[in-house]
Amino acid sequence: MQFIPNILFAIALILGVGYFSRNVKKLIRNIKLGHDVDVSDEKGKRFNNMLRIAFGQSKMVVRPVAGIMHFIVYIGFVIINLEVLEIIIDGLFGTHRIFSSVLSSSVYGFLIGSFEILAVLVLIAVVVFWLRRNTIKLKRFLNPEMKGWPKNDANYILYFEVVLMCLFLTMNATDAPFQEMNSGNVISGFMAPWFSGFSEGTLHIIERSAWWLHIIGILVFLNYLYFSKHLHILLAFPNTYFGSVHPKGELDNLESVTNEVKLMMDPNADPFAAPANPDAVPAKFGASDVTDLSWLQLLNAYTCTECGRCTSECPANQTGKKLSPRKIMMDTRDRLEEVGKNIDANGGEFKDDGKQLLNDYITAEELWACTSCNACVEACPVSINPLTIIIDMRRYLVMEQSAAPMELNNMMSNVENNGAPWPYNQMDRLNWASES
Amino acid sequence: MSETLIVPTMAQMMAEGKQPEVLFWVGCAGSFDDRAKKITKAFVRILNKAKVSFAVLGTEESCTGDPAKRAGNEFLFQMQAVTNIEVLNAYEVKTIVTTCPHCFNTLKNEYPSLGGNYTVMHHTQFLRNLLDEGKLTIEGGQFKGKRITFHDPCYLGRANNVYEAPRDLIRKLDAELVEMKSCKSRGLCCGAGGAQMFKEAEPGNKEVNIERTEQALEIQPDIIAAGCPFCNTMMTDGVKNKEKEGQIKVMDVAELIANAQDL
């Protein structure tokens, strides 16, 4: 009978981690619906980007208030998780604060003491975050795409963090042997007197409850990630690693187009020759749905935490246009999730649902409002690139549907006919040199 | 400004068996737009004064394909690119300087994978090199004490991380360089990029160039310096819209330097 808590703990752990792994598999499956893209170059630079941008939070501090608060929560999250390791060992083997017997009491006290201080700092930061989202009315949290689930999602995460931190501190405050050790209880030492009226048995029950709720809370939170914008705590790392290492101004040159252009320009090409690979599906130019995007663009969508820095820097959005780079990423993720669920429901095959990313989620008006200025790309703290999705969708509109705005069609026919976006003769290109 | 500009073409140079050190890529705006042509000429005056060995493609130049690519027409872009690369490679061009950040970006970043590999410079980078090498001197007399702000072109700044070359040149003018509230990597677009120059803006509550002009007016400059012919047009329109064209001039960095030299 004495092993019942251990067995229950093992079951909780297996269920929590197991269900999470199942969703991670689904996540990877969905991301792989995108076409391949080569990211094998410049490994050193990529690794450096990940260290600097994700681990070092270098882009977060561009906005100092949110940046510093976020840094506290981030450090708190990473460091307090050392405590989770102890909890897991204790839970599985029935020990109590195993690290305190392995480490010297001063080292253990130092560790727990810093966890406690961080827990309080995290609580303060989370309260500030909640105020920023709910009472200060920051513009970037009020865009139309933030209504409903995205707003609630953000608040749920904050509530979760408050509960977890409180449980951690309560657990320490009601742990009589730990308080007797009197090392590391820098915060919980002040809380312990609140519980002085309770009997030893009640105190133990409170301590055990806090301990169990803390670890179960963490497992629930882990599983909440997949359904939430909060996936960034994991995906920020691969996303910054795989993010572009080229100048921001560089757009990819479509290979399928290069092949066609080469054929057109080659005087020896035989237009009637059988294609080299007759089974190959003719390439679709540009993107009208998520499966036309690359896996990197889809990873971008799952990584987005909807902070809205992209949208608040976007010149189109600032001047009242419909375009919001954040919405581009949210729409991409929502559609990808929809496609994923469709595949699950139809035994592993996607069944046409008559919908696509273009029009059903992202409208042409949004796409044509972009100035390609890269402000969104620069602003993103985790190297997401909304611009490439916008360009890929414009490519579909123009090359597959000939659906460019009329003025752009004029511009393009000018480029095609006389080598300039305006109707001037190419032979007049040097006239400026002789005009006074 | 009665002296004639010396503008050799690559074809002439080749006929004489010469190879210029650098090709000046003029761009469509620089060739045809009345305002931008002044920038082109100012830059050529500086090149002439510094005795730079350069040439232009003249009638053999064609659009780089940038606006087509940004509008989504990858076919047209690559057709333009491949044609231009054929011409450039036939003349064995190694180094290119251009007064247009859009041409700069496309030539530098998007031509290499199609077979066009060149050292490409924006004219502000090129002018700063001339200055460093002592081939160009700048006296700031007429700009002394003037407040000048630099509007970062997206395709020079964020797109290619060139922020200091134009500012270094402005500092040489003895002027007071003042920064707008969003500048450098957070600079606000003028509204022309991504082929917006050639279409009406989508429905909204303001034009982007007006927003940017308001940011400039907040710091009360005498001159808004630009490094892009399209930004120049957008900012000039913005200043006119605010009826400030009497007090505030919009000028390219090349024009500032040419004027300082009395060229």
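Residues numbered from 1 in each chain as written. Chains lettered and ligands numbered in written order. Predicted model: local features only at pLDDT ≥ 70, side-chain atom pairs only at ≥ 80, totals over all residues.

1. Focus on the overall build of chain B
Under the convention used in this document: Counting from the N terminus, the helices are the DSSP runs of H or I reaching at least four residues and the strands are the DSSP runs of E reaching at least two. Put simply, the radius of gyration uses C-alpha atoms, and a globule should come to 2.2 Å times the residue count raised to 0.38. Labels follow a simple rule on C-beta atoms placed from the backbone: if 20 or more others lie within 10 Å of a residue's own, it is buried; if 12 or fewer, it is exposed; otherwise it is partly exposed.
What chain B contains, in helices and strands, is 11 helices and 8 strands. Whereas a compact globule of 263 residues would reach a radius of gyration of roughly 18 Å, chain B reaches 18 Å, a difference of no more than 12%. Projecting the C-alpha coordinates of chain B onto the three principal axes gives extents of approximately 50 × 45 × 30 Å. By residue count, 57% of the 263 residues in chain B fall in the buried class.

2. A few points about the packing of helix α3 (residues 34-49) of chain B against helix α10 (residues 229-241) of chain B
All names here are of chain B. Basically, it comes down to this: Note on method: axes are straight lines fitted to C-alpha atoms, helices fitted across the in-contact stretch only, with angles between N-to-C directions ranging 0 to 180 degrees. For classification purposes, an angle smaller than 35 degrees is called roughly parallel, one larger than 145 roughly antiparallel, one from 65 to 115 roughly perpendicular, and anything else oblique. Whether a crossing is left-handed or right-handed is set by the direction in which the near helix is turned from the far one by less than a right angle, anticlockwise for left-handed and clockwise for right-handed. C-beta atoms are placed from the backbone for every residue, and two residues are taken to be in contact when these atoms lie within 7 Å. We call Asp, Glu, Lys and Arg charged. Ala, Val, Leu, Ile, Met, Phe, Trp, Tyr, Cys and Pro are nonpolar, and the rest, Gly among them, are polar.
It is the contact of α3 with α10, at a shortest axis distance of 10 Å, that shows an interaxial angle of 130 degrees. Judged on the interaxial angle alone, α10 and α3 are oblique. Considering the relative orientation of α3 and α10, their crossing is right-handed. For the pair formed by α3 and α10, the contact residues are Arg35, Ala36 and Ile39 on the first element and Pro229, Asn232, Thr233 and Thr236 on the second. The residue inventory of the contact of α3 with α10, partitioned by class, reads 3 nonpolar, 3 polar and 1 charged.

3. A look at the domain arrangement of chain B
All names here are of chain B. Stated formally: Domain delimitation in this document rests on an assignment produced automatically or drawn from a domain database.
According to the domain assignment, chain B consists of domain 1 (10-130) and domain 2 (138-260). If you average the C-alpha positions of domain 1 and of domain 2, the two centres end up 22 Å apart. Counting residues at the interface gives 26 residues for domain 1 and 26 residues for domain 2. Mapped onto the side of domain 1 that touches domain 2, the elements with two or more residues apiece are α2 (27-32), α3, α4 (66-70), α6 (101-110) and α7 (123-132). Of all the elements, α3 adds the most residues to the side of domain 1 that touches domain 2, at 8 residues. Among the residues making up the side of domain 1 that touches domain 2, the classes are represented as 12 nonpolar, 8 polar and 6 charged.

4. Examining the UniProt feature "domain: Cysteine-rich" (unreviewed entry) in chain B
Stated precisely, the cut-off is as follows: UniProt positions are given in the numbering used here, feature names are shortened, and annotations may be inferred rather than shown by experiment.
Annotation from UniProt places "domain: Cysteine-rich" (unreviewed entry) at residues 22-108 and 148-235 of chain B. Helix makes up 60% of residues 22-108 of chain B and strand 11%, with an end-to-end C-alpha separation of 14 Å.

5. Considering the sheet that holds strand β3 (residues 95-98) of chain B
Residues and elements named next belong to chain B. Rules: At least two bridges found by DSSP between two strands are what make those strands a pair.
Judged by pairing direction, the sheet is parallel, and its 4 strands sit side by side in the order β2-β1-β3-β4 without closing on themselves. Looking along the sheet, the strands with just one partner apiece sit at the ends: β2 (54-55) and β4 (119-122). Relative to β3, strand β1 (residues 22-25) runs parallel, the two sharing 3 bridges. For Phe24, the partnering residue across the bridge sits in β3 and is Val97. Taken strand by strand, α6 contacts β1, β3 and β4, and its axis lies near 165 degrees from that of β4.

6. Re the pairing of strand β5 (residues 147-150) of chain B
All names here are of chain B. As a reminder of what qualifies: Here, the term right-handed applies to a crossover whose path from the first strand over the helix to the second runs clockwise when the strands point away from the viewer.
Across 3 bridges, β5 lies against strand β6 (residues 176-178) in parallel orientation. When the sheet's bridge partners are listed, Ile148 is paired in β6 with Leu177. Following the chain from β5 across helix α8 (residues 164-171) to the adjacent parallel β6, one finds a crossover that is right-handed. Judged from the 3 bridges that link them, β5 and strand β7 (residues 223-226) form a sheet pairing that is parallel.

7. Notes on the interface of chain B and chain A
At the junction of the two partners, chain B supplies 58 residues and chain A supplies 55 residues. Within the residue set of the side of chain B that touches chain A, elements represented by two or more residues are α2, α3, α4, α5 (74-90), α6 and α9 (208-218) of chain B. Of all the elements, α5 of chain B adds the most residues to the side of chain B that touches chain A, at 7 residues. Class assignment of the residues belonging to the side of chain B that touches chain A gives a composition of 22 nonpolar, 21 polar and 15 charged.

8. Describing the pairing of β1 of chain B
Examined bridge by bridge, β1 of chain B and β2 of chain B share 2 bridges and lie parallel to one another. By the bridge assignment for β2 of chain B, Leu23 of chain B is matched with Ala55 of chain B.

9. Concerning the sheet that holds strand β8 (residues 249-252) of chain B
Residues and elements named next belong to chain B. If you walk across this open sheet you meet the 4 strands as β6-β5-β7-β8, and the pairing is parallel. Edge positions in the sheet fall to β6 and β8, since each has one partner strand and no second. Strand after strand, the sheet turns through a mean of 35 degrees between neighbouring axes, direction not considered. Lying on the sheet, α10 is in contact with β7 and β8; it crosses β8 at an angle near 175 degrees. Relative to β8, helix α11 (residues 253-260) is tilted by about 90 degrees, and along the sheet it contacts β7 and β8.

10. Description of unusual backbone geometry
Positive phi, normally seen in glycine, also occurs at Asn359 of chain A, with a value near 75 degrees. Mapping Asn359 of chain A onto the fold places it in the loop between α15 (325-345) and α16 (364-368). Residue Asn359 of chain A is classed as exposed on the basis of its 10 C-beta neighbours within 10 Å. Look at Lys184 of chain B: it is not a glycine, yet its phi comes out positive at around 50 degrees. Relative to the helices and strands, Lys184 of chain B is located in the loop between β6 and α9.

11. Points about the UniProt feature "transmembrane region" (unreviewed entry) in chain A
Residues annotated by UniProt as "transmembrane region" (unreviewed entry) correspond here to residues 6-24, 68-89, 109-131, 156-174 and 209-227 of chain A. Helix makes up 100% of residues 68-89 of chain A and strand 0%, and the two end C-alpha atoms of the span are 33 Å apart.

12. Structural notes on helix α19 (residues 406-418) of chain A
Residues and elements named next belong to chain A. For clarity, the cut-off: One fewer than the residue count of a helix, multiplied by 1.5 Å, yields its expected span. Relevant arc is that of directions from the helix axis to the C-beta atoms, nothing else.
Between the first and last C-alpha of α19 there are 18 Å, a value that for 13 residues agrees with the 18 Å anticipated at 1.5 Å per step. Three or more residues of α19 are buried, namely Leu408, Met411, Met412, Asn414 and Val415. Along the axis of α19, the buried positions cluster into a sector of 155 degrees, meaning they face one direction only. Across from the buried face of α19, at angles greater than 90 degrees, the exposed residues are Met406 and Asn417. Within two residues after α19, Gly419 carries a phi angle of roughly 70 degrees, on the positive side.

13. Points about the packing of helix α10 (residues 232-242) of chain A against helix α12 (residues 295-303) of chain A
Residues and elements named next belong to chain A. Between α10 and α12, the least distance of the axes is 9 Å, while the angle of their chain directions is 145 degrees. For the crossing formed where α10 meets α12, the hand is left-handed. Contacts between α10 and α12 involve His232, Leu235, Ala236, Pro238, Asn239 and Phe242 on the former and, on the latter, Leu296, Leu299, Asn300, Tyr302 and Thr303. In terms of residue class, the contact of α10 with α12 is made up of 7 nonpolar, 4 polar and no charged.

14. Notes on the domain arrangement of chain A
Residues and elements named next belong to chain A. Here chain A is described as being made up of domain 1 (4-230) and domain 2 (255-268 + 284-422). In this structure, domain 1 and domain 2 have C-alpha centres spaced 36 Å apart. With 23 residues of domain 1 in contact, the opposing surface of domain 2 contributes 26 residues. Contributions of two or more residues to the side of domain 1 that touches domain 2 are made by α1 (4-31) and α2 (43-55). The dominant element in the side of domain 1 that touches domain 2, judged by the number of residues it contributes, is α1, at 4 residues. Considered class by class, the residues forming the side of domain 1 that touches domain 2 number 10 nonpolar, 5 polar and 8 charged.

15. Comments concerning the environment of Val261 of chain A
Tracing the sequence through the fold places Val261 of chain A in helix α11 (residues 255-265). Once residues within four sequence positions are removed from consideration, Val261 of chain A is found in contact with Phe75, Gln78, Met79 and Val82 of chain B.

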